[in-house]
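One-letter residues, chain by chain:
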Amino acid sequence: MINTAALEQAYQASLDKIRRNCPVIGVSFPHVAIGPHGEYNSEKPNFWTGGFWGGLLWLAYRETFDPKLLETAIALEQVQDRPLDEYMHIHHDVGFMWLPTAVAHYRQTGCPESRVRGLKAASHLMGRFNLNGRFIRAWNDEVFEDSQGWAIIDCMMNIPLLHWASKELNDPRFSQVAVAHADTVLKSFLRSDGTVPHIVHFDPQTGEKIENMGGQGKSADSAWSRGQAWAIYGMAISYRETGHQRYLDAAKKVARKFWSSLPDDKVPYWDFCTEEKDTWVKDSSAACCAASGMLEIARLVDDPEESAFFTNCALELLQSMVDHCACFDDTTQGIIRYGTVSYPANRHVNVPIIYGDFFFVEALAKWKGLPGLF
């Protein structure tokens, strides 16, 4: 049963915790809370999660107008100018990095420098487009050698940056690339049962699909839960930005499959096809992202009953997070525990993850009627 008072309390407690964390985390780029006292680590400014702490600051700032949040968010943005301008180590995840930071800043205050940062990032993302395969390349060779033909489901969350750039510049090219990539996802990722793989490998010369790859999921034909969440949210945004019904249909299909695959406590397994012995490995971040995506769907569908269904699913996921995963005291700097980065690689299993925190707070903000940052 959904306890709306508890969700309201969770939202306010999250905002309070962001404000307490602000002077402690400061101008750094947290990823996972694995320190001896529950503190977040700090990655390099070009790491793919570099936008989520700034995004949390912007989510909290628009509610509190705390000047310390604003100061820290702006300082983070300025530090990330280095990898953006150095270019060589920037990758496909520029949407994750600059939508909830520079673009959020521009939307909030009209800052012209932030607009330029967002446009630079969008131009970089568009430059990764493979014309023959009609996909945006994932990663660089320094991360995965000979990965020129790899595309990943996560990138559905990056392409909203392209739609934003098209509107800002009145230039359709950015959106054209976003649509081409999304259509490739529909064709080459989306399975008949409403699931998607993490990675699809294409021939980078001809563009022909070679194979699915497991990536952070259990196998090439499994259903990595966070990947399903990326598809839900990303397809919903693609419909919002284009009006193409095929994207909304895909978002709803994946969302319904996600919902039907959840265990009783509504905290997703790291992969919905996991073996019984590994069901102790959860990924709360998948629930948080899926909840935000389902609330996006609920805003977009015309049928009131359908809207109510997806809203209820999202709120049940958020309720599960409050009941089973949330931490609003200072035992850990994380807000949502039991996220998993990569179980196959044994990397950060059942720990707080910064993007779990972000999508939890963003989803609660959407429930209260505010827009998301993607």
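It should be noted that the structure appears before, not after, this text.
Described in the following lines is the structure provided in the data block. For every chain, the first residue of its written sequence is number 1, and the numbers climb from 1 along that sequence. It should be noted that, the model being predicted, local features are given only for residues of pLDDT at least 70 and side-chain atom pairs only at 80 or more, the latter also being counted only at that level, while totals for whole chains, interfaces and linings use all residues. Note: side-chain values were computed over all heavy atoms of the structure, leaving out hydrogens and water.

**Some details on the pattern of salt bridges**
- Any carboxyl oxygen of Asp or Glu within 4 Å of a side-chain nitrogen of Lys or Arg constitutes a salt bridge here. Scanning all chains against the criterion turns up 20 salt bridges.
- Between Asp-81 and Arg-117 there is a salt bridge, and its shortest N-O distance comes to 2.6 Å. With Asp-81 in helix 4 (residues 81-86) and Arg-117 in helix 6 (residues 112-126), this pair connects stretches of sequence that are 36 residues apart.
- Assessed through its relative accessible area of 21%, Asp-81 is described here as partly exposed.
- Here Arg-240 ties to Glu-241 by a salt bridge, and the two come within 3.0 Å at their closest N and O atoms.
- Under the scheme applied here, a residue whose accessible area is under 20% of the maximum for its type counts as buried, over 50% as exposed, and between as partly exposed, the area being computed with a 1.4 Å probe on protein chains only. Overall, Arg-240 belongs to the partly exposed group, its relative accessible area being 30%.
- Of the residues examined, Glu-241 reaches a relative accessible area of 25% and is grouped as partly exposed.
- Through salt bridges that share partners, Lys-167, Arg-240, Glu-241, Glu-296 and Lys-366 make up one connected network. Counting from the N terminus, the helices are DSSP H or I runs at least four residues long and the strands are E runs at least two residues long.

**Here we look at the sheet that holds strand 4 (residues 199-202)**
- Pairing between strands is defined by DSSP: at least two bridges between them are needed. Spatially, the 3 strands line up as an open sheet ordered 3-4-5, and their pairing is antiparallel. Across the chains shown, the open sheet's two edge strands, defined by having one partner strand only, are strand 3 (150-152) and strand 5 (209-213). Taking each pair of neighbouring strands and ignoring which way they run, the sheet shows an average axis angle of 25 degrees.
- In this sheet, strand 4 lies alongside strand 3 in antiparallel orientation, the contact comprising 3 bridges. Paired with Ile-152 across the bridge in strand 4 is Ile-199.
- Residue contacts are defined here by distance: any two heavy atoms, one from each residue, within 4.5 Å place the two residues in contact. Whenever a helix is involved, its axis is fitted only over the stretch in contact; in every case the axis is a line through C-alpha atoms, and angles between N-to-C directions fall within 0 to 180 degrees. Along the sheet, helix 8 (residues 173-188) makes contact with strand 3, strand 4 and strand 5, crossing strand 4 at roughly 100 degrees.

**Details of the packing of aromatic side chains**
- Stacked, tilted and edge-to-face are the three classes applied to pairs of Phe, Tyr and Trp rings, where Trp contributes its six-membered ring and a pair requires centres within 6.5 Å; stacked means planes under 30 degrees apart, edge-to-face means over 60, and tilted covers the rest. Applying the stated criterion across every chain, the model contains 27 aromatic pairs.
- Judged by centre distance (6.0 Å) and plane angle (70 degrees), the ring pair of Tyr-233 and Phe-359 falls under edge-to-face. In this pair, Tyr-233 sits in helix 9 (residues 225-242) while Phe-359 sits in helix 13 (residues 354-367), placing the two residues 126 residues apart along the sequence. Summarising the burial analysis for this pair, Tyr-233 and Phe-359 share the class buried.
- Each member of the aromatic cluster is reached from another via a ring pair, and the members are Trp-48, Phe-52, Phe-96, Trp-230, Tyr-233, Tyr-355, Phe-358, Phe-359 and Phe-374.
- Criterion for a charge above a ring: Lys NZ or Arg CZ within 6 Å of the ring centre, and within 35 degrees of the ring normal. Between Arg-246 and the ring centre of Tyr-247, over which it is positioned, the NZ or CZ distance is 4.8 Å.
- For the cation-ring pair, Lys-266 lies above Trp-259, with the distance from its terminal atom to the ring centre recorded as 5.4 Å.

**Observations concerning the side chain of Thr-184**
- Here Thr-184 lies in helix 8.
- Here Thr-184 falls in the buried class, since its relative accessible area comes to 9%.
- Beyond its immediate sequence surroundings of up to four residues, Thr-184 is in contact with Gly-133, Arg-134, Phe-135, Phe-189 and Phe-202.

**A word on the nonpolar core**
- Ranked by size, the top nonpolar core spans 124 residues in total, and within it Leu-162, Phe-258, Phe-359, Phe-360 and Phe-374 carry the most contacts.
- With 11 residues, the top contributor of residues to this core is helix 11 (residues 284-300).
- Beyond its immediate sequence surroundings of up to four residues, Leu-162 is in contact with Ala-122, Leu-125, Met-126, Ile-136, Phe-174, Ser-175, Val-177 and Ala-178.
- In these notes, a set of buried Ala, Val, Leu, Ile, Met, Phe, Trp, Tyr and Cys residues joined through side-chain atoms within 4.5 Å is what counts as a nonpolar core. In this structure, Trp-139, Trp-150, Ile-152 and Ile-199 belong to the second largest nonpolar core, which totals 6 residues.

**Here's the deal with the pairing of strand 4**
- In strand 4, alternate side chains face the same way, and those of Ile-199 and His-201 on one face and Val-200 and Phe-202 on the other are all buried.
- Pairing between strand 4 and strand 5: 4 bridges, direction antiparallel. Following the sheet pairing, Val-200 is matched in strand 5 by Asn-212.

**Examining the environment of Arg-191**
- Assignment of secondary structure puts Arg-191 in the loop between helix 8 and strand 4.
- Accessibility expressed as a relative area gives 18% for Arg-191, which makes it buried.
- Measuring from C-alpha to C-alpha, the distance between Arg-191 and Val-254 comes to 9.4 Å, with 63 residues separating the pair along the chain.
- Those residues in contact with Arg-191, other than ones at most four positions away along the chain, are Val-196, Pro-197, Asn-212, Ala-220, Asp-221, Ser-222 and Lys-253.
- Contacts described as polar in this section are N or O atom pairs within 3.5 Å, which, within protein, must combine one atom able to donate a hydrogen with one able to accept it, while residues neighboring in sequence count only if both atoms come from side chains. Of the polar contacts made by the side chain of Arg-191, one reaches the side chain of Thr-195; its length is 2.9 Å.

**Let's talk about the environment of Ala-255**
- Within the secondary structure layout, Ala-255 lies in helix 10 (residues 245-261).
- When its relative accessible area of 1% is taken as the criterion, Ala-255 is described as buried.
- With residues near it in sequence (within four places) discarded, Ala-255 still touches Ile-232, Met-294, Ile-297 and Phe-310.

**Observations concerning the packing of helix 9 against helix 10**
- The interhelical angle for the contact between helix 9 and helix 10, taken along N-to-C directions, is 155 degrees, at an axis separation of 8 Å. The orientation of helix 9 with respect to helix 10, classified from their angle, is roughly antiparallel. The interaxial crossing formed by helix 9 with helix 10 has left-handed handedness. Listed contacts from helix 10 to Ser-225, Gln-228, Ala-229, Ala-231, Ile-232, Met-235, Ala-236, Ser-238, Tyr-239 and Thr-242 of helix 9 are Gln-245, Tyr-247, Leu-248, Ala-250, Ala-251, Val-254, Ala-255 and Phe-258. Each angle is binned into one of four classes, with values under 35 degrees roughly parallel, values over 145 roughly antiparallel, values of 65 to 115 roughly perpendicular, and all other values oblique. Helix crossings fall into two classes, left-handed where the near helix is turned counterclockwise from the far one by less than a right angle and right-handed where it is turned clockwise.

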